[in-house]
Amino acid sequence: FRGGESLVLRRLLEDHGYLPSPTADADLVWSSGHVGPETLLSLPRHAKVNHFPRSGVITRKDLLVRTIAMLRARCGRAAYEYLPLSFVLPADAAACTAAMGRDGGATWIAKPIASSQGRGISLL
């Protein structure tokens, strides 16, 4: 493996037979940030990486909402009906207010953009 700045992660990997590798032939690359294209291109095909370029479009709530909106426009709303109605505030404030007015008794979940592990979530 390559990376693994976390002592717990390093210990866990070593306890399961993985050894640190300073070369590009690693089976696993664990990074605290995005891994550059040159590193990705140098890895064997079977290698696993915990971060990849542009993963923010699915891991950041605000960018995920924008990505889903783009896909709904491209593929039709029916393809994504299973996903809840979502808004990014303050940009979507008018649409959000209108939707909340239509669904008066519904409970809405507010999530901050730059938070994780349930921090900052509130019910409206």
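Residues numbered from 1 in each chain as written. Predicted model: local features only at pLDDT ≥ 70, side-chain atom pairs only at ≥ 80, totals over all residues. Heavy atoms only, no water.

1. Here's the deal with the packing of aromatic side chains
Alright, step 1. On inspection of all chains with the given rule, the structure shows two aromatic pairs.
Alright, step 2. Ring geometry for F87 against W108: centres 6.1 Å apart, planes inclined by 40°, an arrangement best described as tilted. On the criterion of sequence distance, the pair formed by F87 in the loop between helix 4 (61-75) and helix 5 (93-102) and W108 in the loop between helix 5 and strand 4 (109-110) is long-range, its members being 21 residues apart.
Alright, step 3. Take F87: its relative accessible area is 22%, and that puts it in the partly exposed class.
Alright, step 4. By relative accessible area, W108 is classed as buried at 14%. (Phe/Tyr/Trp six-rings, centres within 6.5 Å; stacked < 30°, edge-to-face > 60°. Helix = DSSP H or I, 4+ residues; strand = E, 2+ residues; numbered from the N terminus. Buried < 20%, exposed > 50% of the residue type's maximum accessible area, 1.4 Å probe, protein only.)

2. Overview of unusual backbone geometry
Alright, step 1. Here the residue pair L89 and P90 is connected by a cis peptide bond, since its omega of 10° sits within 30 degrees of zero.
Alright, step 2. By the secondary structure assignment, P90 is in the loop between helix 4 and helix 5.
Alright, step 3. One non-glycine residue, Q117, lies in positive phi territory at about 55°.

So, to be careful, I would describe these as geometric facts and stop short of saying anything about function.
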